[in-house]
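Notes for the structure review
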Amino acid sequence: MTSKRFNTNKIILLSSTVIVLAYLLRTPWLPIKRDTKTNLGYPRDSLLNFTELTSEYGYISEEHKVVSEDGYILTMFRIVKARNCHGKVKSPPVLLMHGLLQSSDSWIDSGPSSGLAYLISDACYDLWVGNNRGNYYSRQHVRLNPDKDPEYWNFYSHEIGMYDIPAMIDYVLDYTETEKLNYIGFSQGTGAFLVMCSERPEYCDKVQILIGLAPAARQLNTKSKIFRGLTQAIEKLESVLTIYGVQEVLSKGAFCQEFVAFFCQLSEITRNVCVKFIEMFDYVESFHSGSINNITTKVLFGHFPAGTSVHNMARFGQSMRSSNFGKYDYGKERNLVVYGSEEPPKYNLSAVTVPVVCIYGKNDGLVDTKDVKWLVSKLPKVIESVEVQDPLWNHMDVTYSQYTSEVIFPKISEYLFMYSKK
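The rules behind the values
Counting from 1, residues in each chain are numbered in the order their sequence is written. pLDDT decides what is reported in this predicted model: residues at 70 or higher carry local features, side-chain atom pairs at 80 or more are listed and counted, and totals for whole chains, interfaces and linings draw on all residues regardless. Note that the side-chain values use all heavy atoms of the structure and ignore hydrogens as well as water. Site definitions follow a grid-based scheme: protein atoms alone, a 1 Å grid, a 1.4 Å probe that fits but cannot get out for cavities, and for pockets an open set with protein on both sides within 12 Å along at least five of seven lines, plus lining residues having an atom within 4 Å of a point. Grid points are joined across faces, edges and corners, and a volume is the space filled by probe spheres set on the points. Every helix listed is a DSSP run of H or I at least four residues long, and every strand listed is a run of E at least two residues long, numbered separately from the N terminus. Only Asp, Glu, Lys and Arg are considered charged in this grouping, and only Ala, Val, Leu, Ile, Met, Phe, Trp, Tyr, Cys and Pro are considered nonpolar; every other residue, Gly among them, is considered polar. Should any heavy atoms of two residues lie within 4.5 Å, those residues are counted as being in contact. Exposure classes here rest on a 1.4 Å probe applied to the protein chains alone. A residue is buried below 20% of its type maximum, exposed above 50%, and partly exposed in between. Our working definition of a disulfide is a cysteine sulfur pair at a distance within 2.5 Å. UniProt positions are given in the numbering used here, feature names are shortened, and annotations may be inferred rather than shown by experiment.

**A closer look at empty space enclosed by the protein**
One way to see where empty space is left: roll a probe the size of a water molecule over the atoms. The full count for this structure, using the stated rule, is 6 cavities of 30 Å³ or more. Taken as a whole, the largest cavity spans an internal volume of roughly 110 Å³. For the largest cavity, the lining is made up of 14 residues, of which Ser157, Ala216, Ala217, Phe316 and Phe325 are closest to its centre. Contributions of two or more residues to the lining of the largest cavity are made by helix H6 (188-199) and helix H12 (310-319). No other element matches H6, which puts 4 residues into the lining of the largest cavity. Of the volumes computed, that of the second largest cavity is approximately 80 Å³. Lining of the second largest cavity is provided by Val275, Ile278, Glu279, Asp282, His288, Ser289, Gly290, Ser291, Ile292, Asn394 and Asp397. Its residues assigned to classes, the lining of the second largest cavity comprises 3 nonpolar, 5 polar and 3 charged.

**Digging into the side chain of lysine 37**
With respect to the helices and strands, the residue lysine 37 is situated in helix H2 (residues 34-39). Leaving out residues up to four positions away in the same chain, lysine 37 has contacts with Ile32, Tyr42, Leu47 and Glu258.

**A few points about the environment of valine 354**
Relative to the helices and strands, valine 354 resides in the loop between helix H13 (332-338) and strand E10 (356-360). Assessed through its relative accessible area of 2%, valine 354 is described here as buried. Sequence-wise, valine 354 and phenylalanine 193 are 161 residues apart; in three dimensions their C-alpha atoms are separated by 11 Å. If we skip the residues at most four places from it in the chain, valine 354 touches Phe193, Cys204, Val207, Gln208, Ile209, Leu210 and Lys381.

**Remarks on the state of the cysteines**
Chemically, a disulfide is nothing more than a covalent bond linking the sulfur atoms of two cysteines. Tallying each qualifying case throughout the model produces 3 disulfides. Disulfide partner of cysteine 264: cysteine 274, at an S-S distance of 1.9 Å. Looking along the S-S bond of the cysteine 264-cysteine 274 disulfide, the torsion reads about -95°, which is the left-handed sense. Within this pair, whereas cysteine 264 is found in helix H9 (residues 255-264), its partner cysteine 274 is found in helix H10 (residues 268-281), the two being separated by 10 residues in sequence. Note on cysteine 274: relative accessible area 6%, which makes it buried. When the bonded cysteines of the protein chain are numbered from the N-terminus onward, they pair as 1-2, 3-4, 5-6.

**What about the UniProt feature "active site" (unreviewed entry) in the protein chain?**
This chain's UniProt record puts "active site" (unreviewed entry) on Ser187, Asp364 and His395. In sequence the annotated residues extend across 209 residues, while in space they remain close, none of their C-alpha pairs exceeding 11.1 Å. For serine 187, a relative accessible area of 7% puts it in the buried group. Setting aside chain neighbours within four positions, we find serine 187 in contact with Gly99, Leu213, Ala214, Pro215, Ala216, Val367 and His395. Relative to the assigned elements, aspartate 364 resides in the loop between E10 and helix H14 (369-378).

This is how it looks when you write it as structure tokens:
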């Protein structure tokens, strides 16, 4: 018992040190300029943004700006011409939402043969790809400056579900002049959707089907020691970090992301280290060797981590101690002020009246199968819950595996087709 406590304390100390250094070590040479990275031999794909990278492979995409009700300026991308779609584009539109610390780039980092954004658009769907508040594409506000106003960072997945996703849904439906859309969310992207249905059920009615990939709601059984240690360290240190002006964490262009991107492209040895880190981060029973290849590893670290708030990371730390899916726990006294009760309210999962398909992996170290099954038991309209046949399929595989087209896309395609006009 003493040994376990000592190891936990070491993880917390190391995590907090990394967090503070990642924030404080901002120098005039960060972020490193694109020309410098090119000269240093960074892979070209890791330096391109969404529209540039899709264009590189023969896809045409547009950038759209959306303003949430509380003033956050969000960036969405729409693939308007796919390389391999030669027929009529299907309706309704599809909204694809990333997970924690990711951005829209996560759906294209593994390339045209396996990136889910490419696969969906090639199947002739009108694809829209979102970015939630706080990542590098959506780091703006009509009034607040994220570099100067701490108020900007006072959000967690609750606000993403309350404001970001509804704003994107409204924008897509207005722009395309359709009544409903199909929604695909990964991890936090599904959890935030569940928040939306609980708090704003009228928006749940604007969606035909929810396809939840490794859906993150309750995370009581998360086995990843690195993720659990990091988020719970941030939770314990949140008030201290706030005092020192640290509200943003793991942002693109900061020391942590720039160092990892540099390190992972140095040599074959360092690339292998980065691959092993991804595997250890998501480790449950055994590594899924070769699923995320070396090329994708170099590219993804050019876009990941994409940044979020300290408050959001702290909320994930809390979710690993709770047997429910609920709002942020501020402690009994403040909960009384904020919520009118000593305990934080639970989200009303019975309000998720949209048909739901869950797809998850047995080897997922971040969203455990027990928590997925718990979630499925609480949702009123689950039409299928699919455990991926590959026993080594894990969390990070969803966005970055070279096997996505074989392992999870057929089931996604089946339900998109079922809920689309032919």
